[in-house]
Amino acid sequence: MVDAEVDDISFLSASGESMKHGGNYEQMGISHTRQLVCSQRKATCVALAAAAVILAVAMISAFSRPTIEHCHIGNNSLHDATQAKPIVGLADGTSEPFPWRSTRLPRTIRPSQYDIHLQINLTEFHVNASVSIVMQVSEPTEYIILHSNNLTITSYYLKSHKTLRKIAITKLLFYKRWNLVAFRLQRALYANEELDLTIEYNMPLRDKLTGLYRSSYVDDDGKKRYIATTQFEPNSAREAFPCFDEPAFKAVFAIQIIRDKGLVSLSNKPAEPPHQFLKDEGFDWEVDVFRQTPKMSTYLVAIIVCDFKSKSDITGNNVQVAVYAPKAKIDQVDFALNITIKILDFYEDFFQIRYQLQKLDLIAIPDFKAGAMENWGMVTYRETAILYNENESSSAAQERVAIVVAHELAHQWFGNLVTMDWWSDLWLNEGFASFVEFLGTDHVKPEWNMMDQFVLTETQVAMVTDALASSRPLTVEVNDADEIDLLFDSISYQKGAAILNMLQGFLTLPILKKGLTRYLTLHEFGNAKTSDLWDALTQVSREQQQNLDVVTIMNSWTQQMGYPVVTISRQGNVLKARQQRFLLNQDTVTNFTRPQDESSYGYVWNIPITYYTESHPSDVQLIWMNRNTELNFADNFNLDGNPEWIKANVNQTGFYRVKYDQKNWDALIRLLKSNHHVLSPADRSGLLDDAFSLSFGFYVAPKVALDMSEYLSEERDYVPWQTALQHYYKLLVLCEEKPIYRPLKKYVLELLSPVVTYIGWQDTGSHLDKYLRSTVMRHACWLDHPDCKVKVLSMFRAWMVNGTKIAPNLRSVVYGNAIKYGGDEEWEFAYKQYQDTRTPSEKKELLQALTTTTDMWHITQILDYSLQPEKIRKQDMFFVLIGVANNRLARWHVWRFVQSSWDTIIDIYGASSYNTLLKITTQHFTTEFDYNELNRFLMSRNCTLRAARQALELVRHSVEWVDRNEELIEKWLRDKSRM
Ligand SMILES: *[C@@H]1O[C@H](CO)[C@@H](O)[C@H](O)[C@H]1NC(C)=O
Ligand SMILES: *[C@@H]1O[C@H](CO)[C@@H](O)[C@H](O)[C@H]1NC(C)=O
Ligand SMILES: *[C@@H]1O[C@H](CO)[C@@H](O)[C@H](O)[C@H]1NC(C)=O
């Protein structure tokens, strides 16, 4: 899945976007929104002596309860599925024990085939259905246990697959809490028996966002139209049919859909022509009989009934690709169709394995929780992730389409053909797709410099969350549905992608590709674990005489949370490197660490240290720091020519930070100021990110970052600017209620001034120039740059009065700020446009613009609307909250709104929304009072999730950081103005 772009919350007005997990899950916003300006990611941290801390943590956790004990996940999840013994816990509504006591299904029976028949009624919003499951018994048992969530089961029968003899079912038992249903049998089943279980059931077709649900849109004649569609990952196939709803229970699916004549039904495979007709009580229905799928996981099944139109084309290898959308939007599918054809061909070559299904459909769903979902052969998208209107959409909106398409297509191999064995390894699916999406997008749009952007949207984002003591390892034990839901976070996506990028760096792309092909071939139509991928790569590395032990190297990155900061110090020509865990706030680490967070790797990593020096800037060297905490580079560091500086972690390819000694910092800063082009944009961005993050983490004084960023007056590249502005945004928010806010704001405006003049208000230049303009102008306006108000109001009024449209890449800045500086008239006009536009990306810009108003009545209105689906779609609620939270005058309204609507929101969006909700509401908390408020609220909710600990940890950090650094920043500004 791709998230809905809500995860990475941008803080600048009218911009927020970005969330990866669809959760929604695929980031509600993969942060691919350059519109976004800042994310909390920059809150960084620090640790002193890692070894000492770890020891201390270990000891403290042994003797004292973690302070936030009540904030971790319930005990029911600690159960080891394989050990689970039947019994305990009463079946619903009975005094009888439920015969299974684990959230994971027993392994006694496996399904091999499902025949699913659904009659989907879009008038009555009702589904009548049956499922027949062929299954094999591997151990004697008297129960068949599977998943079913809120389905009304009306009848069921069991027979032997071979003899067709009936086996009596004596009782049906439910355990709703875990969505389990148990069929108790009259006799025990034998090992190797093969059975057919048929279940008839029905359900309403509700307007929710998971399972089989209904979505709607208004057509050109103003008529409301309905569609039925599915979103199953991770736990919702069981809301559509009773099944063994775990990824390792792969089976083939034969699906039939009965629908009204004139509609289209779609599923993973093509339907067999011709449609069959059914006459029943005088109604005209049609039946689509879909060909049987290959062996696959339940979460990848898709079922759709709609009245959409499509456009199609054929790939080099004869795969039929079609993109579906409502008739009024079908002219916006061309870009997605064009690139799908190219990327599919590219991936077949990349993986050296053909795409497995004859067709691939993509469809724009009007109500969609995540960003997109990779159902095999039938990929579903939120409208903004697939529709592109050349005349109306920004470059960022176009890139978003490319990246999400490339992400979901990568899953057709990595995820669909070979699936993680269990959700613990979700990162393998999502991290991989988040890495390969860059290669796929780069293939179709080389001029977009995707790999330069990688550090911004993946590495630097992941490093923010992963600097918390309350982060998590990539591979984690999970059991219950809420825990699984919460895995769709920036660790699975961005950190996963970042460490795969690091892996590619030391392995090289050809060896990585060979290893991938081997892994996919070996496990095709099956399931695999992280270690299976490392094994394949280790083998290939050995065969190629490279001999890297990928298993050992990568385990230190996937099995423990966090990442290192490498301190490099130099005495003459002797260099020393030391590694320690990087923490946002090492002083509070014990408060946010739980006993189970102890790492068997001791928070020490296998680090590929890359570097170059002043003497040989194009000669990149690699040295391994193999879980040693100290390394003396006297022997293998090449310091020929007595260079003034060394730059390590080339292009920020490694997932670690680098701290230099003061001499080297000074030399690098001089270099940036005299000739920054000696360093690549990614390196400049990496230096800024490290300097700011080290200072947020108390590892260096803010002076290092502030001194360094002075060179920006000469910087004209998007990537370093974006990094710097995110940090400055964070810094300004931290200081917002302090006396230094004004002078700091003035300073940042001065820093921006040359680039504002350089980039101007014309929507021209390269892809990244457009991004630069957008981010620079957004910040300049946010800081009330004097030109901004005049500019945006005149452009907006020209649109209101004369219908002169604003250039697509300027819209988010102009809309948002025109609402901020304007009055009722501007707001009403934007609201009308919001309701009328047919371009999804435009709709989103307008919605966010509406939240920037300074009129509190409008704020309360828009917050109210966000829970009224007829005004603002459920899927877009988070964009309203993000927008208002970024509005300095109104952000406290969000906190109040979220507290009062908490239950409603969690009901609609599920546990995965905890992450997003807490991030949105607490980003700006910087005082002790705020911390206590948050803590009080979480306690009153008996909060149980990681997201809560993370929010508290971040706020704690903000409070302390401002306390300890306010004076230092003030002094720096004073010294500077004296110069
Ligand atoms: C189960 O479905 C009914 C409608 O059939 C609905 O009212 C109820 O809210 C659903 N329960 C859950 C937990 O989804
Ligand atoms: C759905 O219900 C309507 C109204 O009762 C009926 O006319 C139509 O035939 C039904 N369609 C299907 C596919 O069941
Ligand atoms: C799609 O491809 C066609 C043919 O190559 C081209 O004419 C058209 O401009 C492309 N459309 C988009 C939106 O990229």
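These lines cover the structure that appears in this document, whether it is placed above or below. Everything numeric here is computed off the predicted structure, so don't read it as measured data.

**Things to note about the sheet that holds strand β5 (residues 141–147)**
Spatial ordering of the open sheet is given by β5-β9-β8, a layout of 3 strands whose pairing is antiparallel. Whereas interior strands pair on both sides, the edge strands pair on one side only; in this sheet they are β5 and β8 (169–175). Going from strand to strand, the sheet's axes swing by 25 degrees on average, the running direction of each strand aside. Pairing of β5 with strand β9 (residues 180–189) involves 6 bridges; the strand directions are antiparallel. Bridge pairing in β9 links T141 to L189.

**Some remarks on the site of ligand 3**
Around ligand 3 sit D334, F335, N338 and E390, and that is every residue in its neighbourhood. Taken by itself ligand 3 offers 360 Å² of open surface, and the protein chains cover 40% of this. Taken together, the residues that form the shell around ligand 3 break down as 1 nonpolar, 1 polar and 2 charged.

**Quick notes on helix α4 (residues 426–444)**
For α4, which comprises 19 residues, the first-to-last C-alpha distance of 27 Å matches the rise-based estimate of 27 Å (1.5 Å per residue) to within 8%. The element α4 is largely enclosed, with a buried count of 17 among its 19 residues.

**Structural notes on the nonpolar core**
Most often, soluble globular proteins keep nonpolar side chains buried together rather than apart. Counting residues in each nonpolar core, the largest one holds 334 residues, and the members touching the most others are I144, Y201, F241 and F796. In terms of residue count, the dominant contributor to this core is helix α26 (residues 946–978) (12 residues). If near-sequence neighbours (up to four positions away) are discounted, F796 is found in contact with I806, V814, Y815, A818, I819, E826, F829 and A830.

**Observations regarding the packing of aromatic side chains**
The full count for this structure, using the stated rule, is 54 aromatic pairs. Note on Y114 and F253: the rings are 4.7 Å apart at their centroids and 5 degrees apart in plane angle, and the pair reads as stacked. With Y114 in strand β3 (residues 109–121) and F253 in strand β13 (residues 252–260), this pair connects stretches of sequence that are 139 residues apart. In this pair, the class of Y114 matches that of F253, namely buried. Centre to centre, the rings of F350 and F351 are 5.2 Å apart; their planes meet at 85 degrees, and the pair counts as edge-to-face. Its relative accessible area of 0% is what places F351 among the buried residues. Through successive ring pairs, a cluster of aromatic residues spans F346, Y347, F350, F351, Y355, W413, F414, F432 and Y519. Its end group placed over the ring of F698, R964 keeps NZ or CZ at 3.9 Å from the ring centre.

**Let's talk about the state of the cysteines**
Tallied over the full model, the rule gives 1 disulfide. Between the sulfur of C781 and that of C788 lies a disulfide, 1.9 Å long from S to S. Taking the sign of the S-S torsion, about 100 degrees here, the bridge from C781 to C788 comes out right-handed. Comparing C781 with C788, the two get one shared label, buried.

**With respect to the sheet that holds strand β28 (residues 621–626)**
Spatially, the 3 strands line up as an open sheet ordered β28-β27-β30, and their pairing is antiparallel. Every other strand in the sheet has two partners, leaving β28 and β30 (646–648) as the edge strands with one partner each. Averaged over all pairs of adjacent strands, the angle between strand axes in this sheet comes to 30 degrees, irrespective of strand direction. Direction of pairing for strand β27 (residues 606–613) relative to β28: antiparallel, over a ladder of 6 bridges. Residue T610 lies in a different strand from β28, and its bridge partner there is L622.

**Some words on the site of ligand 2**
Taken together, Q119, I120, N121, T123, E124, R259, D260, F283 and W285 make up the full set of residues adjacent to ligand 2. W285 is positioned with one of its side-chain polar atoms (N or O) 2.8 Å from an oxygen atom of ligand 2. Protein chains shield 79% of the accessible area of ligand 2, which is 360 Å² for the free molecule. Counting only elements with at least two residues in the shell around ligand 2, the list comes to β3, β13 and β16 (283–289). The greatest single-element share of the shell around ligand 2, amounting to 3 residues, is contributed by β3. Considered class by class, the residues forming the shell around ligand 2 number 3 nonpolar, 3 polar and 3 charged.

**Some details on helix α25 (residues 928–940)**
Each turn of an α-helix holds 3.6 residues, which means side chains three or four residues apart point in the same direction. With 13 residues, α25 should cover 18 Å at 1.5 Å per step; its first-to-last C-alpha distance of 18 Å lies within 8% of that length. Taken together, the buried positions of α25 are occupied by D930, Y931, L934, N935, F937 and L938. Projection of α25 onto a plane perpendicular to its axis shows the buried side chains occupying an angular sector of 165 degrees, all on one side. Opposite its buried face, α25 presents the exposed residues F929 and S940, each directed more than 90 degrees away. Buried-residue contacts for α25 involve α23 (891–909), α24 (913–922) and α26.

**Details of unusual backbone geometry**
In this structure, the amide linkage connecting E233 to the following residue, P234, adopts the cis form with an omega of -5 degrees. Although it is not a glycine, N649 sits at a positive phi angle of roughly 55 degrees. Tracing the sequence through the fold places N649 in the loop between β30 and β31 (657–660). In this structure, N651 takes a positive phi of about 60 degrees despite not being glycine. One can find N651 in the loop between β30 and β31.

**Looking at the side chain of S556**
With respect to the helices and strands, S556 occurs in helix α10 (residues 550–558). Residue class for S556 comes out buried when judged on its relative accessible area of 0%. S556 has contacts with Y601, V604, W605, N606 and R627, leaving out every residue within four places of it along the chain.

**Some thoughts on the side chain of D707**
By the secondary structure assignment, D707 is in helix α13 (residues 702–709). Polar contacts involving the side chain of D707 include one to the side chain of W972, which spans 2.8 Å. For D707, the residues in contact, after removing those within four places along its chain, are I669, K673 and W972.

**So, the packing of helix α18 (residues 811–821) against helix α20 (residues 840–850)**
Packing of α18 against α20 leaves a shortest axis separation of 8 Å and a crossing angle of 30 degrees. Classified by the angle their axes make, α18 and α20 are roughly parallel. The handedness of the crossing between α18 and α20 comes out as right-handed. Counted together, R811, S812, Y815, G816 and I819 of α18 and E842, E845, L846, A849 and L850 of α20 form the full contact between these two elements. Among the residues forming the contact of α18 with α20, the class breakdown is 5 nonpolar, 2 polar and 3 charged.

**Observations concerning the environment of N642**
Checked against the element boundaries, N642 lands in the loop between β29 (630–632) and β30. Judged by relative accessible area, N642 falls into the exposed class, the value being 52%. Distance from N642 to T613, taken between C-alpha atoms, is 9.2 Å for residues 29 residues apart in sequence. Aside from chain neighbours lying at most four places away, what touches N642 is R570, N573 and S615.

**A short note on the packing of helix α7 (residues 491–507) against α10**
Relative to each other, α7 and α10 sit at 155 degrees, their axes nearing to 11 Å. The angle between α7 and α10 places the two elements in the roughly antiparallel class. The handedness of the crossing between α7 and α10 is right-handed. Contacts between α7 and α10 pair K495, I499, M502, L503, F506 and L507 from the former with V550, I553, M554, W557 and T558 from the latter. Partitioned by chemical class, the residues of the contact of α7 with α10 number 9 nonpolar, 1 polar and 1 charged.

Thresholds applied
Residues numbered from 1 in each chain as written. Chains lettered and ligands numbered in written order. Predicted model: local features only at pLDDT ≥ 70, side-chain atom pairs only at ≥ 80, totals over all residues. Heavy atoms only, no water. Pairing = 2+ DSSP bridges. Helix = DSSP H or I, 4+ residues; strand = E, 2+ residues; numbered from the N terminus. Axes fitted to C-alpha atoms, helices over the stretch in contact; angles between N-to-C directions. Near = heavy atom within 4 Å. Areas by Shrake-Rupley, 256 points an atom, 1.4 Å probe, with all protein chains shown as cover. Nonpolar A, V, L, I, M, F, W, Y, C, P; charged D, E, K, R; others polar. Expected span 1.5 Å × (residues − 1). Buried < 20%, exposed > 50% of the residue type's maximum accessible area, 1.4 Å probe, protein only. Core = buried A, V, L, I, M, F, W, Y, C linked by side-chain atoms within 4.5 Å. Contact = heavy atoms within 4.5 Å. Phe/Tyr/Trp six-rings, centres within 6.5 Å; stacked < 30°, edge-to-face > 60°. Lys NZ or Arg CZ within 6 Å of the ring centre and 35° of its normal. Disulfide = S-S within 2.5 Å. Polar contact = N/O pair within 3.5 Å; in protein donor to acceptor, adjacent residues only side chain to side chain. Arc of directions from axis to C-beta. Parallel < 35°, antiparallel > 145°, perpendicular 65-115°, else oblique. Left-handed = near helix turned anticlockwise from the far one by under 90°.

Any functional reading would require information beyond the geometric quantities listed.
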